[in-house]
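# Close look at the chain arrangement
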Amino acid sequence: MYAQMVQSEASTDDPEKLAAFQARIDAGEKIEPKDWMPAGYRKTLIRQIGQHAHSEIVGQLPEGNWITRAPTLERKAILLAKVQDEAGHGLYLYCAAETLGVSRDELTEMLLDGRMKYSSIFNYPTLNWADMGAVGWLVDGAAIMNQVPLQRTSFGPYSRAMIRVCKEESFHARQGFDAIRKMATGTPAQKKMAQDAVNRLWFPALMMFGPSDADSVHSTQSMAWKIKMNTNDELRQKFVDQTVPQIEFLGLDLPDEGITWNEERGHYDYSDPDWSEFFDVIKGNGPCNTDRLAARNKAWKDGEWVRDGLLAHARKKAARKHAAE
Amino acid sequence: MKNEWPLWEIFIRGQHGMSHRHVGSLHAPDAEMAIKNARDVYTRRNEGVSIWVVEANNIAASSPSDKGPLYEPSESKVYRHPTFFDIPDEVGAM
């Protein structure tokens, strides 16, 4: 999930309007930008869609890291296409957030100065090529778990952005699985790298769904508003159930000794991630937080002359056209 | 000065949750009248839940003759499609 622990805003609007709004959502209607909406709905959505967008953009960094070092030209072209998609996903989402009355630059600035977050997963490093397989397969796999139900979210522009994203996301997971499968069935050294990548990324991937439901204070209102479609634990369980057989298919060892099939529940049991590590990463103390934010700040600063230059050119052209008329 | 009303392009949202889609055009003196006319021209049989109107000369469009240079580059990038990757059935949907 690319949005974690999004703080839900309580609403102080007119109770009658709130009830009518809730009735529309309960009836499965989509809320569109020009419709009346509670201030809390708007604020929570800006936070969630913004965080989701930031995750797509920051998420380019750990993978971009390996484009120039891909093992073959084909893998390089595939990874490049995947990272390019992520930029597009960020764009769809920023545009959806902008329909709520926040500007692109405002969102960017809030990311750059740390007021807004992005998914904790991108604060982990990608150490070698096996990580490219594991990220596509596990990280995008976890994101898909969350994004598929969000296609039915109540806010029209968010829902439509998710439909587009999901259409493209299947390629991401499959190219990752294909890359790691190649290594898992390769030389003993390659298999070892694949195993190491799965071991390192398993728990950070589980953390993507956010804290356990018991500790998830923001869920109730967001679920009533259909901004959040499933609880964190539901989605995490679904992810584990889907992924464990895939790990076994690859002939790799399970990354957690606690994983066992629970006949009674009809699900796999698994160990909880270390939540103190999660909260620490969210606070800014993960292995790559400083690097990631520094890279985004540098890109924004280095790109300033391009943004300003193109705008100046457009204005000059418009003025010339105006003068000629 | 010409007194011809400008042309407006009309976009209708067919049902809740869908995108607005282009349905056609009409002439109107301003945006408000364009919406009223669009209601009469394009939604007489409950075709829509929302109307967008855009003055036609505010729409920038790609040229049909650019089709080659614009879209050919993606033809060789077959790996952008999920079906490019052979995923065994036993792995499940992905």
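Let me sum up the structure you'll find in this document. (Residues numbered from 1 in each chain as written. Chains lettered and ligands numbered in written order. Predicted model: local features only at pLDDT ≥ 70, side-chain atom pairs only at ≥ 80, totals over all residues. Heavy atoms only, no water.)

## A few points about the overall build of chain A
Applicable threshold: The helix and strand labels rest on DSSP assignments: H or I over at least four residues marks a helix, E over at least two residues marks a strand, and numbering proceeds from the N terminus. The quantity called the radius of gyration is restricted to C-alpha atoms. Its globule counterpart is 2.2 Å times the number of residues to the power 0.38. Burial classification: accessible surface area is computed with a 1.4 Å probe over protein chains only, and a residue below 20% of its type maximum counts as buried, one above 50% as exposed, and the rest as partly exposed. We call two residues contacting when some pair of their heavy atoms lies within 4.5 Å. Using the Shrake-Rupley algorithm and a 1.4 Å probe, accessible areas are obtained, with residue cover drawn only from the displayed protein chains. Only four residue types enter the charge count, namely Lys and Arg as positive and Asp and Glu as negative; His and the chain termini do not. Each charge is placed at NZ for Lys, CZ for Arg, CG for Asp and CD for Glu.
Along its length, chain A carries 13 helices and 2 strands. Against the compact-globule benchmark of 20 Å for 325 residues, chain A has a radius of gyration of 21 Å, which places it among compact chains. Buried residues in chain A amount to 52% of all 325 residues. A fraction of 78% describes how many contacts in chain A between residues 6 or more apart in sequence connect residues 24 or more apart. Of the roughly 15000 Å² that chain A leaves accessible, carbon and sulfur atoms contribute 55%. Counting 40 positive and 45 negative side-chain charges, chain A places the centres of these two groups 9 Å from one another.

## Describing the overall build of chain B
Check the secondary structure of chain B and you find 2 helices and 3 strands. For chain B, the N- to C-terminal ordering of α and β elements is β-β-α-β-α. For chain B, the C-alpha atoms occupy an extent of roughly 65 × 35 × 15 Å along the three principal directions. Relative to its full complement of 94 residues, chain B shows a buried share of 26%. Expressed as a percentage of contacts within chain B between residues at least 6 apart in sequence, the contacts between residues at least 24 apart total 42%.

## Here we look at the environment of Pro15 of chain A
Residues and elements named next belong to chain A. Here Pro15 is to be found in helix H1 (residues 15–26). On the accessibility criterion, Pro15 (62% relative accessible area) is exposed. The spacing of Pro15 and Thr185 is 170 residues in sequence and 60 Å in space, taken between C-alpha atoms.

## Examining a nonpolar patch on the surface
The condition that has to hold: Grouping into patches uses exposed residues only, defined as over 30% relative accessible area, and leaves out salt-bridged ones; the cut-off is 9 Å for like charges and 5 Å for nonpolar side chains (Val, Leu, Ile, Met, Phe, Trp, Tyr). A pair is scored as a salt bridge if a Lys or Arg side-chain nitrogen falls within 4 Å of a carboxyl oxygen belonging to Asp or Glu.
A cluster of nonpolar side chains, Trp305, Val306 and Leu310 of chain A, forms an exposed patch at the surface whose accessible area comes to about 370 Å². Of note, Leu310 of chain A is situated in helix H13 (residues 304–324).

## Thoughts on the interface of chain A and chain B
Defined as follows: Buried area: the sum, over both parts, of the accessible surface (1.4 Å probe) that disappears when the two are put together. The definition of a polar contact used here is a pair of N or O atoms within 3.5 Å, where within protein one atom must be able to donate a hydrogen and the other to accept one, and adjacent residues in sequence count solely through side-chain atom pairs.
The interface is formed by 21 residues belonging to chain A together with 17 residues belonging to chain B. Both faces considered, chain A and chain B share a buried interface measuring about 1900 Å² in area, 63% of it formed by carbon and sulfur atoms. By the criterion of area lost to chain B, the three top residues of chain A are Arg160, Phe171 and Arg174 of chain A, representing 31% of everything that side buries. On the surface where chain A and chain B come into contact, there are 1 salt bridge. The closest approach of N and O atoms between Arg13 of chain B and Glu32 of chain A, which form a salt bridge, is 3.2 Å. The tally of links from chain A across to chain B stands at 9 residue pairs in polar contact (both at pLDDT 80 or more).

## Quick word on the packing of aromatic side chains
All names here are of chain A. How we decide: Each aromatic pair joins two rings of Phe, Tyr and Trp (for Trp, the six-membered one) with centres within 6.5 Å, and gets the label stacked for planes under 30 degrees apart, edge-to-face for over 60, and tilted for any other angle. Only when the NZ of Lys or the CZ of Arg is both within 6 Å of the ring centre and within 35 degrees of the ring normal is a charge said to sit over the ring.
In the structure shown here, the tally under the stated rule is 14 aromatic pairs over all chains. Ring centres of Tyr41 and Phe155 lie 6.5 Å apart, and the angle between their planes is 80 degrees; this geometry places the pair in the edge-to-face category. Taken as a pair, Tyr41 in helix H2 (residues 39–58) and Phe155 in the loop between helix H6 (129–150) and helix H7 (156–184) lie far apart in primary sequence, 114 residues in all. An identical accessibility class is assigned to Tyr41 and Phe155; each is buried. Ring centres of Trp275 and Phe278 lie 5.3 Å apart, and the angle between their planes is 90 degrees; on these two criteria the pair is classed as edge-to-face. Linking Trp275 with Phe278, this pair stays in helix H11 (residues 275–285), spanning 3 residues, or about one helical turn. Accessibility expressed as a relative area gives 0% for Phe278, which makes it buried. In this structure, Arg69 packs its charged tip against the face of Trp66, placed 4.0 Å from the ring centre. Positioned above the aromatic ring of Trp300 is the side chain of Arg307, whose terminal nitrogen or guanidinium carbon lies 3.5 Å from the ring centre.

## What to know about unusual backbone geometry
The phi torsion at Lys226 of chain A lies on the positive side, around 55 degrees, for a residue other than glycine. When you line up the elements, Lys226 of chain A lands in the loop between helix H9 (219–224) and helix H10 (232–249). Among the residues examined, Lys226 of chain A registers a relative accessible area of 26% and is labelled partly exposed. Here the phi dihedral of Asn46 of chain B falls at roughly 60 degrees; this positive angle occurs in a residue that is not glycine. Note that Asn46 of chain B resides in the loop between helix H1 (31–42) and strand S3 (50–55).

## Notes on the sheet that holds strand S1 (residues 7–13) of chain B
All names here are of chain B. Applicable threshold: At least two bridges found by DSSP between two strands is the condition for calling them paired. Whenever a helix is involved, its axis is fitted only over the stretch in contact; in every case the axis is a line through C-alpha atoms, and angles between N-to-C directions fall within 0 to 180 degrees.
Across the sheet, which stays open at both edges, the 3 strands sit in the order S2-S1-S3 with antiparallel pairing between neighbours. At either margin of the open sheet sits one strand with a lone partner, and together these are strand S2 (20–27) and S3. For this sheet the average axis-to-axis angle between neighbouring strands, irrespective of direction, equals 30 degrees. Where S1 meets S2, 7 bridges bridge the pair, whose relative direction is antiparallel. Its bridge partner being in S2, Glu9 is matched across the sheet by Ser25. Along the sheet, H1 makes contact with S1, S2 and S3, crossing S2 at roughly 105 degrees.

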